[in-house]
Structures are given as C-alpha cells and as structure tokens.
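# Structural features, examined
The lines below spell out each chain.
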Amino acid sequence: LSNQTKLFILADDPGTGKSVVLKHLAKEIKEIMHEKWVVFIELKNHIELFEKILKEEISVDENPATLLSSHFLDLNDFNRTLFEDLYENGKVVIFWDAVDEISPKYDNLMIKIGLNIQEKSQNIQFLSTRLQHSVKLTMKLSSEPFNLVEFTNDDRRVFLTNYLSNSSNLIGKIEQFLKSVDNKH
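The sections below set out a description of the structure shown in this document.

Calculation rules
- Residues numbered from 1 in each chain as written.
- Predicted model: local features only at pLDDT ≥ 70, side-chain atom pairs only at ≥ 80, totals over all residues.
- Heavy atoms only, no water.
- Axes fitted to C-alpha atoms, helices over the stretch in contact; angles between N-to-C directions.
- Helix = DSSP H or I, 4+ residues; strand = E, 2+ residues; numbered from the N terminus.
- Left-handed = near helix turned anticlockwise from the far one by under 90°.
- Contact = heavy atoms within 4.5 Å.
- Nonpolar A, V, L, I, M, F, W, Y, C, P; charged D, E, K, R; others polar.
- Polar contact = N/O pair within 3.5 Å; in protein donor to acceptor, adjacent residues only side chain to side chain.
- Salt bridge = Lys/Arg side-chain N within 4 Å of Asp/Glu carboxyl O.
- Buried < 20%, exposed > 50% of the residue type's maximum accessible area, 1.4 Å probe, protein only.

## Focus: the packing of helix H3 (residues 64–72) against helix H4 (residues 77–88)
Two measures define how a pair of helices packs: the angle their axes make with one another and the distance between the axes. Where H3 contacts H4, the axes come no closer than 9 Å and their chain directions differ by 150°. Taken as a pair, H3 and H4 cross one another with a handedness that is right-handed. Two secondary-structure elements touch here, H3 through Pro64, Ala65, Thr66, Leu68, Ser69 and Ser70 and H4 through Arg80, Phe83, Glu84, Tyr87 and Glu88. Broken down by class, the residue content of the contact of H3 with H4 amounts to five nonpolar, three polar and three charged.

## Some thoughts on the side chain of Asn116
By the secondary structure assignment, Asn116 is in helix H5 (residues 107–120). Only 2.8 Å separates the side chain of Asn116 from the backbone oxygen of Val60, close enough to count as a polar contact. Excluding residues that lie within four positions of it along the chain, Asn116 makes contacts with Val60, Asp61 and Pro64.

## Some thoughts on the pattern of salt bridges
Inspection of the entire model under this criterion finds seven salt bridges. In this structure, the salt-bridge partner of Glu31 is Lys27, at a minimum N-O distance of 3.5 Å. You can see Glu31 and its partner Lys27 sitting in helix H1 (residues 18–32), four residues apart, about one turn around the helix. Relative accessible area serves as the criterion here: at 46%, Lys27 is assigned to the partly exposed category. Residues Glu101 and Lys44 are paired through a salt bridge, measuring 3.8 Å at the closest nitrogen-oxygen approach. Taken together, the residues Glu101 in the loop between strand S3 (92–97) and H5 and Lys44 in the loop between strand S2 (37–42) and helix H2 (47–54) connect sequence positions 57 residues apart.

Structure representation (structure tokens):
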C-alpha cells in the first residue's frame, strides 16, 4: 500500500462482487500486515448512528479515532485505547462497505468522515460503491475509482479448479473429523 494514496474507491455495477473483493482484501491485509488493525464496516448496519449524527447527537468533527472506536466499532475501554493509539500512528486500515446502500441523505456525512480520516491521519481507507455513486465520492474525496474486471473463461477455469481442489481438502478434513468422532463413541 502506497504511503501517498490513503483512500481507494472500488466502484462497479450491483452484484459484481465489490463486497466480496473488499472482504478478501481485508483478510489478506490482516494476514500480511500484522501491525495493522483492519476494520470492516458494513454501513447499512449503522443507519441509527447516521441518524444521531444528523440530529447532532454525535459530532463527525470529533476525533475520527473516537468516532470509529466508540460509535462504529463500539469497543470496550481497553480495545478503544489500543485502537486509538494504533490509529494515531497510522496503523489502521478501514473498509467502508456499500456506501451506495445507505440513504443519499448520508452522503455528505460519509464524505466528511472520509475526509477527516484522510486529512488528519496516515490511515488507509477503502470504500465500495456503485458506479453512478462513485462520481460524487471521487470528486469530493480526490480519489480515482477502481473497477472490477469481468472474469474471462480462463479465469473461471482457474478459479473453479482451485475452488474444487480446496473443497476436496475440506471434504477430507470433514471426513477425518467425523471418523474421529465415531471412534470416540
């Protein structure tokens, strides 16, 4: 991940696998970059929070680390302190999933949160959204969108081969587990 680029937008049509790609990317970053705290936020699960922000019960101007740890993540005191320390040191990667699936009335709030994180920290953000929604986000957040490339027939063949070979390993492990359970009884 580049030190200069701190915000990535994944934009494509509905049903193309944006959320799947984000989840996979989050998993990969977590496995490769052990020093990072990886956060995956499904925005549609935070509508109540956006409503509180609109009613000014919660401020988006507060420290972004506090907004994330106290409201989006609802961490206990120990984890909140740890998270905020890692955040202040640029060691957090935030995945905002499905920006387009929340109401358009929250767009400006989401942009403000994204900008606060982008401007006040070295933390990295990924957002997923639909193509038509990406124009506003890219303009306001000064980031170019990435689009998913459709699988070719060769891609499908490789994917299915790998998937089926991994599935057979899984089936073998399940069979071993069932045998061990049978042997114990």
